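Spelled out, the chains give:
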Amino acid sequence: MDYPVSVNDDGINIKPEKMEKEQLYHCVFKNKVLLVYKDSQDFLNCYEIEEEELVNQIKNSKNDKEIEEIFENYVQQQDIKN
């Protein structure tokens, strides 16, 4: 299956029909990380991350599992609650 989020010079392209519900997808565009997911009601949610250190860690990651670990570590370090 093709990855449902892609980037080109004009911006990001999202193919919601290829997304699994409650699955986090990401892309890097202009030194920002965009997080996209489709919730249980088929609504698309998108978040933009500009924090340079976090963006660089994600750019240098090797796979989705590593990216999830980066986010988990960040949440713990920042003491972010649900």
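Here, the structure is the one placed above.
These numbers come from a predicted model, not from an experiment.

Student: Account for the packing of aromatic side chains, naming residues and giving values.
Tutor: Two numbers describe a pair of aromatic rings. These are the distance of the centres and the angle of the planes. All chains considered together, the criterion is met by one aromatic pair. Ring centres 5.5 Å apart and planes at 70° place the aromatic pair Tyr-3 and Tyr-25 in the edge-to-face group. Taken together, the residues span a long stretch of sequence, with Tyr-3 in the segment before β1 (5-8) and Tyr-25 in strand β3 (residues 25-29) at a distance of 22 residues. Under the relative-accessibility criterion, Tyr-3 is labelled partly exposed at 34%.

Student: Explain the sheet that holds strand β5 (residues 44-49) to me, and be specific about the residues and the numbers.
Tutor: With antiparallel pairing, three strands are arranged side by side in an open sheet as β3-β4-β5. With partners counted over all chains shown, the strands left at the sheet margins are β3 and β5, one partner each. Neighbour to neighbour, the strand axes of the sheet diverge by 20° on average, direction disregarded.

Student: Lay out unusual backbone geometry in plain terms, naming residues and giving numbers.
Tutor: Here Lys-30, not a glycine, exhibits a phi torsion of approximately 50°, which is positive. Mapping Lys-30 onto the fold places it in the loop between β3 and β4 (32-38). Residue Asp-42 is not a glycine yet carries a positive backbone phi of 70°. Mapped onto the secondary structure, Asp-42 falls in the loop between β4 and β5.

Student: Describe the pairing of β3, and please don't skip the residues or the numbers.
Tutor: With four of its five residues buried, β3 lies for the most part within the structure. Judged from the five bridges that link them, β3 and β4 form a sheet pairing that is antiparallel. Note on β4: the bridge partner recorded for Cys-27 is Leu-34. The antiparallel pairing of β3 with β4 creates a hairpin that spans two residues between the two strands, and Lys-30 there sits at a positive phi of about 50°.

Student: Mind laying out helix α2 (residues 64-78), listing which residues take part and the relevant values?
Tutor: Across its 15 residues, α2 extends 21 Å between first and last C-alpha, which sits within 8% of the 21 Å expected from 1.5 Å per residue. Restricting attention to buried positions, one finds in α2 the residues Ile-67, Ile-70 and Phe-71. Buried positions in α2, seen along its axis, are confined to an arc of 95° and lie on one side of it. More than 90 degrees from the buried face of α2, the exposed residues found are Lys-65 and Gln-76. Buried residues in α2 make contact with β3, β4, β5 and α1 (52-59). Two to three positions downstream of the cap, the backbone nitrogen of Lys-65 sits 3.2 Å from a side-chain oxygen, assigning the N-cap of α2 to Asn-63. Looking at the residues trailing α2, positive phi occurs at Asp-79, about 55°.

What counts, and at which threshold
- Residue numbers here run from 1 along each chain, matching the order of that chain's written sequence.
- Reporting in this predicted model follows two pLDDT cut-offs: at least 70 for local features of residues, and 80 or more for side-chain atom pairs to be given and counted; totals over whole chains, interfaces and linings ignore these cut-offs and use all residues.
- With hydrogens and water set aside, each side-chain value is computed from the structure's full complement of heavy atoms.
- Paired rings are identified among Phe, Tyr and Trp, the last through its six-membered ring, by centres lying within 6.5 Å, and are further divided according to the angle between planes into stacked (under 30 degrees), edge-to-face (over 60) and tilted (the rest).
- Put simply, DSSP H or I for four residues or longer makes a helix, DSSP E for two residues or longer makes a strand, and each gets a number counted from the N terminus.
- Burial here depends on accessible area, computed with a 1.4 Å probe over protein chains only, as a share of the maximum for the residue type. Under 20% is buried, over 50% is exposed, and the range in between is partly exposed.
- Two strands are counted as paired when DSSP detects at least two bridges linking them.
- Think of each axis as a best-fit line through the C-alpha atoms, taken over the contacting stretch in the case of a helix, with angles from 0 to 180 degrees between the N-to-C directions.
- The span you would expect from a helix comes to 1.5 Å times its residue count less one.
- The arc under discussion is defined with respect to the helix axis, by the directions toward the C-beta atoms.
- Any pair of residues with heavy atoms lying within 4.5 Å of one another is described as a contacting pair.
- For this analysis, a polar contact is any N or O atom pair within 3.5 Å, provided that within protein one partner can donate a hydrogen and the other can accept it, and provided that sequence-adjacent residues contribute only side-chain to side-chain pairs.

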